[in-house]
Amino acid sequence: MTDPSIQAVELTKCYNSFCALSGLNLRLEGAKCVGFLGPNGAGKTTALKMLTGMIRPTRGKALINGIDVQENKKAALSTCGALIETPEIYPALSVKEALMMVAEIRGVPSTVRKDAVMKAIAEVKMEEWIDTKCGKLSKGMKQRVNLAAALVSDPIIMLLDEPSSGLDPRGMAEVREIVKGLKKKDRLIFMSSHLLGEVTEICDEVAILDHGKLLAYDKLERLTSALAVGNTKECEASFSRDLGSDALKEIASIEGVTGLELVEPKRLILRLEGGNEAQERALAKIAGLGVGLIAFRPSSSALEETYLRLVKDSR
Ligand SMILES: Nc1ncnc2c1ncn2[C@@H]1O[C@H](COP(=O)(O)OP(=O)(O)OP(=O)(O)O)[C@@H](O)[C@H]1O
Ligand SMILES: [Mg+2]
């Protein structure tokens, strides 16, 4: 079998004169997880909807495993599972009943339907809930059923639009674990998310979109290291008491400190320059000022910095 692939060729969607997506060219190939990032309104959902045939492109093509989604939707999507805009599940059906119905609609043959449903249930770790009515499930559990619904046809490609959005921290962690598990099955996963920590943890590659245009697509490490500013680091410092203007002036005058932003009276973002040694000296000095320093941590992940820079440059 050839590698799974998702391809957008000059993929464009315009609503009158406004283009939600402009000439997207992107080819994802092989078993891996690709994060799809971009600010609200960037065009991520629009792109995912065209890749799954939910809306028609104004121009260009969407191909799944080389098959044009517009020309032959059924064949193109036969190997693809998607979770785009959380669908409502019939509350009166049990998890198993709901998934059996989805499997039937998807055309899973009746002889293998039950096995396919049980396999999908196992993948989202819901064996204990198969007879629970969907209406009684928590939001996180419902999302797991939705993921199972995308899995009933045993897809080799998964398109997920913010799979953990709207969930509490535990629900997010559970969905994250499930998505990580999906990777192990030689699948190609294309997943939009606003959670850069989640993307850093799960994804091998990242595509960044803004204003309907692709800003970057590369391996995660390559993207973050290519755009890292050599010797500059951003740290967040927390203090036990409010920082007065005198304390701020003192910190600002320390060699190696090149930028300060007081985000809250007790929380400061610091830009430090000069490599590790210079930064070590600057941090020791701040600690020695007696202004109530209680914690230091990196202010943002490397991906966040890269993302913010790319998005800012595109505005
Ligand atoms: N049916 C529509 N008619 C007109 N404009 C639309 C329509 N659907 C989407 N848009 C616009 O297209 C742009 C892209 O929307 P899209 O939902 O793809 O963004 P997104 O990247 O998924 O954002 P978010 O991160 O908020 O989910 C937005 O400005 C949106 O308002
Ligand atoms: Mg969206």
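Procedures and definitions
Residues numbered from 1 in each chain as written. Chains lettered and ligands numbered in written order. Predicted model: local features only at pLDDT ≥ 70, side-chain atom pairs only at ≥ 80, totals over all residues. Heavy atoms only, no water. 1 Å grid on protein atoms, 1.4 Å probe; cavity = no way out; pocket = protein on both sides within 12 Å on 5 of 7 lines; lining within 4 Å. Points joined across faces, edges and corners; volume = space filled by probe spheres on them. Helix = DSSP H or I, 4+ residues; strand = E, 2+ residues; numbered from the N terminus. Nonpolar A, V, L, I, M, F, W, Y, C, P; charged D, E, K, R; others polar. Axes fitted to C-alpha atoms, helices over the stretch in contact; angles between N-to-C directions. Parallel < 35°, antiparallel > 145°, perpendicular 65-115°, else oblique. Left-handed = near helix turned anticlockwise from the far one by under 90°. Contact = heavy atoms within 4.5 Å. Domains from an automatic or database assignment. Buried area = accessible area lost by both parts, 1.4 Å probe. Salt bridge = Lys/Arg side-chain N within 4 Å of Asp/Glu carboxyl O. Polar contact = N/O pair within 3.5 Å; in protein donor to acceptor, adjacent residues only side chain to side chain. Buried < 20%, exposed > 50% of the residue type's maximum accessible area, 1.4 Å probe, protein only. Pairing = 2+ DSSP bridges. Disulfide = S-S within 2.5 Å.

Q: I'm lost on empty space enclosed by the protein in this one. Help?
A: In this approach, a probe sized like a water molecule rolls over the atoms, and the result shows the empty space that is left. This model, assessed by the stated rule, comprises one cavity of 30 Å³ or more. There is about 40 Å³ of room inside the largest cavity. As for the largest cavity, its lining consists of Ile6, Gln7, Ala8, Leu24, Leu26, Leu28, Leu51 and Phe190. Where the lining of the largest cavity is concerned, the elements lending two or more residues are strand S1 (5-15) and strand S2 (18-29). Its residues assigned to classes, the lining of the largest cavity shows seven nonpolar, one polar and no charged.

Q: Please explain the packing of helix H3 (residues 95-105) against helix H4 (residues 110-123) as it appears in this structure.
A: Packed helices, taken two at a time, are described by the angle between their axes plus the distance between the axes. Where H3 contacts H4, the two axes come as close as 9 Å, and the packing angle between them is 120°. Judged by the inter-axis angle, H3 sits oblique to H4. As H3 runs across H4, the sense of the crossing is right-handed. Between H3, through Val95, Lys96, Leu99, Met100, Ala103 and Glu104, and H4, the contact on the second element is made entirely by Arg113, Lys114, Val117, Met118 and Ile121. Tallied by class, residues from the contact of H3 with H4 come to seven nonpolar, no polar and four charged.

Q: Honestly, the domain arrangement of the protein chain in this entry has me stumped. Any pointers?
A: When the parts of a complex come together, some accessible area is lost, and that lost area is often taken as the interface size. As far as domains go, the protein chain holds domain 1 (5-226) and domain 2 (233-313). With 13 residues of domain 1 at the contact, the number on the domain 2 side is seven residues. Both sides together, the interface formed by domain 1 and domain 2 hides about 890 Å², and carbon and sulfur atoms give 81% of it. At the junction of domain 1 and domain 2, the tally comes to zero salt bridges. For the pair domain 1 and domain 2, the interface holds zero residue pairs in polar contact (both at pLDDT 80 or more). Residues belonging to the side of domain 1 that touches domain 2 are distributed by class as follows: nine nonpolar, three polar and one charged.

Q: So what exactly am I meant to see when it comes to the environment of Ser238 here?
A: Tracing the sequence through the fold places Ser238 in strand S11 (residues 233-239). According to the relative accessible area criterion, Ser238 is buried, its value standing at 11%. In this structure, the C-alpha to C-alpha distance between Ser238 and Ala20, residues 218 residues apart in sequence, is 40 Å.

Q: How do you make sense of the sheet that holds strand S4 (residues 59-64) when you look at a structure like this?
A: The strands that make up a sheet are held in pairs by hydrogen bonds between backbone atoms, and each pair lies either parallel or antiparallel. Within the open sheet, the four strands sit side by side as S2-S1-S4-S5. Their pairing is antiparallel. Each end of this open sheet is capped by a strand with a single partner; those strands are S2 and strand S5 (67-68). Of the pairings in the sheet, the one linking S1 to S4 comprises five bridges and is antiparallel in character. Within S4, the position partnered with Ile6 by the bridge is Ile64. Seen against the sheet, helix H1 (residues 44-51) touches S1, S2 and S4 and runs at an angle of roughly 120° to S1.

Q: So what exactly am I meant to see when it comes to the layout of surface pockets here?
A: Of the pockets and cavities examined, the largest pocket occupies roughly 880 Å³. In terms of lining residues, the largest pocket is bounded by 32 residues, among which Ala82, Val102, Ile105, Arg106 and Ala149 are the most central. Taken together, the elements giving at least two residues each to the lining of the largest pocket come down to helix H2 (73-77), strand S6 (80-83), H3 and helix H5 (139-151). Across the lining of the largest pocket, the residue classes break down as 20 nonpolar, seven polar and five charged.

Q: Would you mind showing me how to read the state of the cysteines here?
A: Cysteine pairs can be covalently joined through their sulfur atoms, and such a bond is termed a disulfide. A full pass over the atoms with the stated rule returns one disulfide. Cys14 shares a disulfide with Cys19; S-S distance 2.0 Å. Residues Cys14 and Cys19 share a disulfide whose torsion about the S-S bond is about 85°; that sign makes it right-handed. Free of any disulfide, Cys33 has its nearest cysteine sulfur in Cys203, 3.6 Å distant. Judged by relative accessible area, Cys33 falls into the buried class, the value being 0%.

Q: Explain unusual backbone geometry here, please?
A: Comment: phi is negative for the bulk of residues other than glycine, and the bulk of peptide bonds are trans. Phi at Asn16 is positive, roughly 55°, even though this residue is not glycine. Within the secondary structure, Asn16 is located in the loop between S1 and S2. Of note in the backbone geometry, Asp186 takes a positive phi value of approximately 55° without being a glycine. Inspection of the secondary structure assignment puts Asp186 in the loop between helix H6 (169-183) and strand S8 (188-192).

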